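A look at the structure
As a plain string of letters, each chain reads:
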2 protein chains.
Amino acid sequence: MQHIRLNDMRQFNDLGMKRTLVHDCADFRMLNFNFKAGQELPIHSHDADGTLSIVVLEGSGWFLGADNATIEAQAGDVLVSAIREPHGIRAATEMRVVVSICPPI
Amino acid sequence: MQHIRLNDMRQFNDLGMKRTLVHDCADFRMLNFNFKAGQELPIHSHDADGTLSIVVLEGSGWFLGADNATIEAQAGDVLVSAIREPHGIRAATEMRVVVSICPPI
């Protein structure tokens, strides 16, 4: 068992989103991303099978999808996407999310 | 892409924890569990490979482990456990968690 306190990772970076590894194993990789208002994880995709989830812990912004789609995202929202689908995140406020990539790539 | 609002699942049940499916695919199953104070997911394990994560969205309580281990859990905490390790949850307050089971069993 591994116990992780995401609140201990609650730091922000003026230069861009702050990315912290939460857990990595054969089944999934979990990452914590913190954004200041206006920062983003640019839309991208990977040529790999698998599925990712994004859980918004704090703040609000948008999930980004193909064709410039934007989906409003706030604390308590989840996005599930194939890894090979275009996906991204843009923050409207300070925003913290936890991303699980399954299987890890 | 699938967008889910966990806040829409914020209901509690006097008779026991309330369990709602968030997502199910070949890569993982995600479930939302809501507990009233004192309710629990009793400690259990499964004879299967894989790894699960529990992210506490709201409230506080304990993660339960083998040998009556209790680990304090509050919003923002994560537990990662092998599916075959004993694991459980007990709520001290109204408590909401999101569990990902990878691969789904």
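Treat the numbers as computed from the prediction; the structure is a model and nothing was measured.

Another point: the overall build of chain A. Each helix and strand counted, chain A has 0 helices and 10 strands in total. Written out in order from the N terminus, the α and β elements of chain A read β-β-β-β-β-β-β-β-β-β. Its C-alpha atoms give chain A a radius of gyration of 13 Å, within 12% of the compact-globule value 13 Å for 105 residues. Each of the 105 residues in chain A was classed as buried or not, and the buried ones make up 47%.

This part covers the pattern of salt bridges. Proximity of charged atoms lets side chains of opposite charge pair with each other. On inspection of all chains with the given rule, the structure shows 18 salt bridges over all chains. Ionic pairing is found between Glu58(B) and Arg96(B), a salt bridge with its closest N-O pair at 2.8 Å. Separated by 38 residues along the polypeptide, Glu58(B) in strand β5 (residues 51-58) and Arg96(B) in strand β10 (residues 95-102) bring together distant segments of the chain. For Glu58(B), a relative accessible area of 21% puts it in the partly exposed group. For Arg96(B), a relative accessible area of 4% translates into the label buried. The network of salt bridges with common partners includes Arg10(A), Glu58(A), Glu94(A) and Arg96(A).

Once chain A has been moved 0.0 Å along the axis and rotated by 180°, it coincides with chain B to within an RMSD of 0.0 Å. These values place the two chain copies in the arrangement generated by a two-fold rotation axis. Both copies share a contact surface, since 100% of the interface residues of chain A are interface residues in chain B too.

Another point: the environment of Gly50(B). Along the chain, Gly50(B) falls in the loop between β4 (40-44) and β5. Between the C-alpha atom of Gly50(B) and that of Ala82(B), which follows or precedes it by 32 residues, the distance is 5.9 Å.

Attention now goes to the interface of chain A and chain B. Each partner contributes residues to the interface: chain A has 36 residues there, and chain B has 36 residues. Between chain A and chain B the total buried area reaches about 2,800 Å² when both faces are included, carbon and sulfur atoms providing 62% of it. Three residues, Met1(A), Val78(A) and Val80(A), lead the burial of chain A against chain B; their summed loss comes to 24% of the area buried on that side. In this structure, the salt-bridge partner of Asp77(B) is Arg5(A), at a minimum N-O distance of 2.9 Å. Inspection of the chain A/chain B interface yields 18 residue pairs in polar contact (both at pLDDT 80 or more). Those elements giving two or more residues to the side of chain A that touches chain B turn out to be β1 (2-5), β5 (51-58), β6 (60-65), β7 (70-74) and β8 (77-82) of chain A.

Quick look at the sheet that holds strand β9 (residues 87-91) of chain A now. Two orientations exist for strands paired in a sheet by backbone hydrogen bonds: parallel and antiparallel. All names here are of chain A. Pairing is antiparallel in the open sheet, where 4 strands are placed in the order β4-β9-β6-β7. Each edge of the open sheet is held by one strand with a lone partner, namely β4 (40-44) and β7. Sheet twist, expressed as the average angle between the axes of neighbouring strands with direction ignored, equals 25°. One ladder, built from 3 bridges, connects β4 with β9; its direction is antiparallel.

Quick notes on the rules
- Residues numbered from 1 in each chain as written.
- Chains lettered and ligands numbered in written order.
- Predicted model: local features only at pLDDT ≥ 70, side-chain atom pairs only at ≥ 80, totals over all residues.
- Heavy atoms only, no water.
- Helix = DSSP H or I, 4+ residues; strand = E, 2+ residues; numbered from the N terminus.
- Rg over C-alpha atoms; globule rule 2.2 N^0.38 Å.
- Buried < 20%, exposed > 50% of the residue type's maximum accessible area, 1.4 Å probe, protein only.
- Salt bridge = Lys/Arg side-chain N within 4 Å of Asp/Glu carboxyl O.
- Least-squares fit on C-alpha atoms with pLDDT ≥ 70 in both.
- Contact = heavy atoms within 4.5 Å.
- Buried area = accessible area lost by both parts, 1.4 Å probe.
- Polar contact = N/O pair within 3.5 Å; in protein donor to acceptor, adjacent residues only side chain to side chain.
- Pairing = 2+ DSSP bridges.
- Axes fitted to C-alpha atoms, helices over the stretch in contact; angles between N-to-C directions.

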